[in-house]
Structure formats: structure tokens, C-alpha cells
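# Topology and contacts: notes
Here's the letter readout for the chains.
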Amino acid sequence: SKENINQDADKKRKAEDAKETDHTTTSETTTTTAPKKRSRRRKSKVNLDDLTPEERQRREQQRQMQKEAVERRAAGLVDLNRHPLNSERRRANRRKPGRGALIAMRKKEDMAER
């Protein structure tokens, strides 16, 4: 009876080994194709003369705040993991009209022109 158990165990091991080798051969064939590399779009530089005076002033204030924040971090006065400008960025995003609002504004302009 011990021989039968050993034979059964050997059969199971051989079956598992066969499954493992089949699996490795299929994975080798699927990994030969290399993924395509995506190109990144770069933002164009903004001409400050084209901006409204309010927006230009806001951006200059932001730059000044960023310089001050860098100086405070260098002096060790502030926790390095803190990002106080995030709230200002979120506020700026709320100021921008959404996609639907932009479409509505264009429609109003078109109707006013006619």
C-alpha cells in the first residue's frame, strides 16, 4: 500500500510539473512584445503680456510665496512634508469655468453676434 501511495504522489508531482512548464512557456511567448512608449505633451510658455492685470498680479504673488516657502524650508522653520500652496491652487481651479460653462459662454457669444 505504501508503494501505491508513493506512485500516486509521483503521478501528482509529474502532473503539477507539466502544468508549471506549460505555464512558463505561454508566459514567455506573451512577454516578447515590448509596450509602446507614449510621448508626453509639453505645456507652452505663457506670455505674461497676454494675461489680465489681475491674473498677472496673482501669478507674481504666487511666485513670491513660493520663494518665501523655499527660504523657510531651507531655514528649517517649516515641516518639509507640508504643502501650504495646495489650498491656493485648489482655489485657482475653482475660479476656472468648467467644460459645460465654456460651451454655454460660447453659445451666448454666438447669439450676441447674430
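Scroll up a little and you will see the structure.
Residues numbered from 1 in each chain as written. Predicted model: local features only at pLDDT ≥ 70, side-chain atom pairs only at ≥ 80, totals over all residues. Heavy atoms only, no water.

Take helix 2 (residues 53-75) next. The end-to-end C-alpha separation of helix 2 is 33 Å, in line with the 33 Å expected for 23 residues at 1.5 Å each. Every buried residue of helix 2 is listed here: Arg58, Gln62 and Ala69. (Helix = DSSP H or I, 4+ residues; strand = E, 2+ residues; numbered from the N terminus. Expected span 1.5 Å × (residues − 1). Buried < 20%, exposed > 50% of the residue type's maximum accessible area, 1.4 Å probe, protein only.)

Let us look at the pattern of salt bridges. By the definition in use, this model includes 2 salt bridges. With a closest N to O distance of 2.9 Å, Glu55 and Arg58 form a salt bridge. One end of the pair is Glu55 and the other is Arg58, both in helix 2 and 3 residues apart, which spans about a single turn. When its relative accessible area of 21% is taken as the criterion, Glu55 is described as partly exposed. Here Glu55 and Arg59 are joined by a salt bridge, their closest N and O atoms 3.1 Å apart. In this pair, Glu55 and Arg59 both sit in helix 2, 4 residues apart, roughly one turn of the helix. Salt bridges linked by common partners bring Glu55, Arg58 and Arg59 together as one network. (Salt bridge = Lys/Arg side-chain N within 4 Å of Asp/Glu carboxyl O.)

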